[in-house]
Structures are given as C-alpha cells and as structure tokens.
Amino acid sequence: MAPTHVLRCCQRGLAWIPVVFIALVVCWSYYAYVVELCIFTIPSIAEQIFYLIFFHLSFIMFVWSYWKTIFTKPANPSKEFCLPKAEKECYEKEARPESQQEILWRVASNLPLYTRTGTGGIRYCDRCQVIKPDRCHHCSACDTCVLKMDHHCPWVNNCVGFSNYKFFILFLAYSLVYCLFIAATVLQYFIKFWTLCRRKSAENCPKNELQDTHAKFHVLFLFFVAAMFCISILSLFSYHLWLVGKNRSTIEAFRAPVFRSGSDKNGFSLGFRKNIAQVFGDQKKYWLLPIFTSQGDGLTFPTRLVNADAEQATVSLHQEPNKSTADVPAGPFGDSQNHLLSDEQRGSNMEDFLADGALESSDHASFGLTAETCTISMDSES
C-alpha cells in the first residue's frame, strides 16, 4: 500500500507542472511588459498610462478566470444516484450482466435519465458505484464521476465540467485577449529593436554599444511568446465556442450520446440562444465575469427529443394504450431542476424492460402512441 500511496502523491505533484509553467510565463510576461516595455522603452507618458490600464484589465480578468477554472471543484452525482444498500449488495453478488441491469433498472425508475449505454442499458460506474446522470462521465485522472464532463485539462490540473465550464471558456477568451493586446502593442517596438540589432550586428559594433540592444531581449521574446500562444489559444477557443453553440461537450462531439431512439449528437441542442444560456445563464450582464451563472443543477438537462412537442415526450417513457398524449408531460425536466420523476412516471422504464424480457440491443426510432405512430427523425450534419 505504501508504494501505491507514494506513487499517487508523485503523480499529483507532477500534475501541477503545467500550471506552474503557465504561472511562471505569466509572471515573466508581466515583468517584461510593465517594466521593460512601458517603463524603460516607451517614452510617452500618455502612451504608458493607456497601455498599463488596458494591460492590467486584461491581466486581472485572465488571472481571475484561470484561478476559478483551476480551483473550482468538479461537481459529482448526488446521493440520489447511489444504489441503496440492499440493491448494492445484490448487484455485487450477481455475476450475470442481465441480472445486474435488472437491479439498475429498478433503481433508475425513480431517476430522471434519458441517456443509456450503447446496448440500451443503464449507465453505471463501477468505480464510483453510482448510476451516471445524463452527460456524466468518469474521469480517470480525477478518479471521480464528473457532471457534464467535457475533458480533463492538464493546463489547469482539473476536470472541466458543469461547475467550471463557463470559467474555462472565459479563461480561453481572456488569455486570447491578453496575448493579442501584448502582441499588438509590442509589434512596433519589436520591429524597431529587431532592425536595430541586425544593423549593429552587421556593423560589428563593440560589445558595450550593444548592451542597450541586448537589454531589449525581453521585448523581442515577449512578442514571440504572445504570438505563439495567441495562435494556439485561438484554435482551441474557436472550437469550444462551436461546442457551446451546439450544446455539446468534447466527449459528446467524439461520441454521440445514446437515447432510447438511438444515438443523437444534437440530442441536447435547444437552439443557438438557449444553448448559450445553458452555459452563461440568462443574465447577460454576468456573461463576461467568472461567476457561476450556468443553468440547471448538472443532474438533468432539457433535451431536443423531449421538448420538441407533446408526443416526443415519450422518448424516454412509454405511454400506456389507455392514456392520451395530454396525460404525458411535454417537458418533465425542461427546467433542469427536478431530481426525481413524478409518481405517475416511476417504474415505466422498468415495466418496458421486464415486458421485453431482456435489454434491447438495438435502438428504436419510432414508438406506438394509441392508434398512431410517432416517428422521431434524427438530424444529421453535413
């Protein structure tokens, strides 16, 4: 046990190396810009004040959002998704996957679940011993299940998910602004010093005459570093903006979530504006601040399949023949706040499972509704 414990401690320590590297680069960039450029290089007082004000604004917002991304603890499934003691013991004793799924279906009948495994079963984490809520995944680096997990980022040494995804987007945005501002304001002095260095080197000037030029190394290198980071961050920031507009996580972009009707990469998309509000909230005045304003609780999410119309509410819940479509709620979890299903809805998934006799390995795209059939068409992107 001791070697394993020591190994974990070493892994946790090494995981902070990328964060320390970024912190050192940011501290050096602050010195190079404020001291070497603004104080020692720029002659105009007005220009110095203008640069320093906007530099510190972008610097503060960048550090604030980066700090929040690093130290915001990933949200985990609540106790509602844990197996009761009796069911847990039965689950551990069962050797057949079919019997284990029967146990999971009984417990999951009380939970707001829409997504399933690829074979149509209940998503369960054996490591954390919880039923996975929709969009929840297990992070091997953090060794825990993370709500609406996007990815594990080594540059923040944290898992990016429901609790800090907005902070991560703002971190990318403000780091891009920070690098763009530095590169744009340093460019003219970079060209000036670069030309001066080449001319004096060609003239074979004495070393003491080059001392002032060599002192500008910080300014020259600052432009290279800012431009390099700007290019890399721009591509990553653009990709995540696209994900926000589609209401997908990085995991869902590579592996579409599976619903009762089948896999659908647009299953959680509610339209561009509502997708933006899912991450940034309803109040636009807080969008640019690293303050948590995301909608919902991370356990339930409104889905396109459920909220499209009254009939499509039966994607997750079969309707009994003697009930009309008006008896089925159009959007049982549209507000993303309900943790448990209502009493009328409980057990419907389990009844379907027991009626079939086993889990269906194939996904259906149409369901019977009284005398009519409702077909769910899956939109595909080119």
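Residues numbered from 1 in each chain as written. Predicted model: local features only at pLDDT ≥ 70, side-chain atom pairs only at ≥ 80, totals over all residues. Heavy atoms only, no water.

- An unreviewed UniProt entry lists the protein chain under the name Palmitoyltransferase, with Oryzias javanicus as the source organism.
- Among the UniProt annotations of the protein chain, the heading Subcellular location (unreviewed entry) holds the following wording: "Membrane".
- Check the Sequence similarities (unreviewed entry) section of the UniProt entry for the protein chain; it says "Belongs to the DHHC palmitoyltransferase family." (UniProt positions renumbered as here; feature names shortened; annotations may be inferred.)

## Regarding the state of the cysteines
- Throughout the structure, instances matching the rule amount to zero disulfides.
- Looking at C136, it has no disulfide partner, and the nearest cysteine sulfur is the one in C145, 4.6 Å off.
- For C136, a relative accessible area of 0% puts it in the buried group.
- Among the cysteines around C230, which has no disulfide bond, C179 carries the closest sulfur, lying 6.2 Å off.
- The class for C230 is buried, based on a relative accessible area of 11%. (Disulfide = S-S within 2.5 Å. Buried < 20%, exposed > 50% of the residue type's maximum accessible area, 1.4 Å probe, protein only.)

## With respect to a nonpolar patch on the surface
- A surface patch of nonpolar side chains, about 600 Å² in accessible area, is lined by I45, I49, F50, I53, F54 and L57.
- The topology assignment puts F50 in helix α3 (residues 45-71).
- Under the relative-accessibility criterion, F50 is labelled partly exposed at 45%. (Patch = residues over 30% accessible without salt bridge, like charges linked within 9 Å, V, L, I, M, F, W, Y side chains within 5 Å. Areas by Shrake-Rupley, 256 points an atom, 1.4 Å probe, with all protein chains shown as cover. Salt bridge = Lys/Arg side-chain N within 4 Å of Asp/Glu carboxyl O. Helix = DSSP H or I, 4+ residues; strand = E, 2+ residues; numbered from the N terminus.)

## Digging into the nonpolar core
- Y33, F55, Y165, I182 and V186 are the most contacted members of the largest nonpolar core, which has 50 residues in total.
- Among the elements of the structure, α2 (17-39), α3, α6 (165-202), α8 (217-246) and α10 (272-280) are those that each provide at least two residues to this core.
- By residue number, the principal contributor to this core is α6, which donates 18 residues.
- Residues contacting V186, with those up to four places away along its chain left out, are Y33, L37, V219, L222 and F223.
- W105, Y114, C125 and F268 belong to the second-largest nonpolar core, a separate cluster that totals 24 residues. (Core = buried A, V, L, I, M, F, W, Y, C linked by side-chain atoms within 4.5 Å. Contact = heavy atoms within 4.5 Å.)

## Digging into α10
- For α10, every residue scored as buried is listed here: N275, I276, A277, Q278, V279 and F280.
- Positive phi appears at G281, one or two residues downstream of α10, with a value of about 95°.

## Some remarks on the side chain of Q48
- Inspection of the secondary structure puts Q48 in helix α3.
- Setting aside residues no more than four positions away along its own chain, Q48 makes contact with C38, I39 and I42.

## Examining unusual backbone geometry
- Located in the positive-phi region is R135, a residue other than glycine, with phi close to 70°.
- Relative to the helices and strands, R135 resides in the loop between β2 (130-131) and β3 (137-139).
- Judged by relative accessible area, R135 falls into the buried class, the value being 3%.
- Phi is positive for D143, which is not a glycine, with a value near 55°.
- Following the sequence through the fold, D143 ends up in the loop between β3 and β4 (144-146).
- Look at D143 and you get partly exposed, because its relative accessible area is 38%.

## Re the environment of F229
- For F229, the location among the structural elements is in helix α8.
- Distance from F229 to C179, taken between C-alpha atoms, is 6.9 Å for residues 50 residues apart in sequence.
- For F229, the contacting residues outside a window of four places in its chain are F21, I22, V25 and C179.

## Describing the packing of aromatic side chains
- Considering all chains together, one arrives at 31 aromatic pairs under this definition.
- Judged by centre distance (6.5 Å) and plane angle (45°), the ring pair of F21 and W155 falls under tilted. In this pair, F21 sits in helix α2 while W155 sits in the loop between β5 (151-153) and β6 (158-160), placing the two residues 134 residues apart along the sequence.
- Classification of W155 by relative accessible area gives partly exposed; the value is 43%.
- The ring of F268 is capped by R135, whose NZ or CZ atom sits 4.3 Å from the centre of that ring.
- Lying across the ring of F301, R135 places its NZ or CZ 5.0 Å from the centre. (Phe/Tyr/Trp six-rings, centres within 6.5 Å; stacked < 30°, edge-to-face > 60°. Lys NZ or Arg CZ within 6 Å of the ring centre and 35° of its normal.)

## A look at the pattern of salt bridges
- A complete count under the given rule lists four salt bridges for this structure.
- Between R127 and D143 there is a salt bridge, with its nearest N and O atoms 2.8 Å apart. Within this pair, whereas R127 is found in the loop between β1 (124-125) and β2, its partner D143 is found in the loop between β3 and β4, the two being separated by 16 residues in sequence.

## What about the UniProt feature "transmembrane region" (unreviewed entry) in the protein chain?
- In the numbering used here, UniProt assigns the "transmembrane region" (unreviewed entry) feature to residues 15-42, 49-67, 167-191 and 217-242.
- The span residues 15-42 shows a helical share of 82% and a strand share of 0%, and its end C-alpha atoms are spaced 39 Å apart.
- Secondary structure within residues 217-242 divides into 100% helix and 0% strand; the distance between the first and last C-alpha atoms comes to 38 Å.

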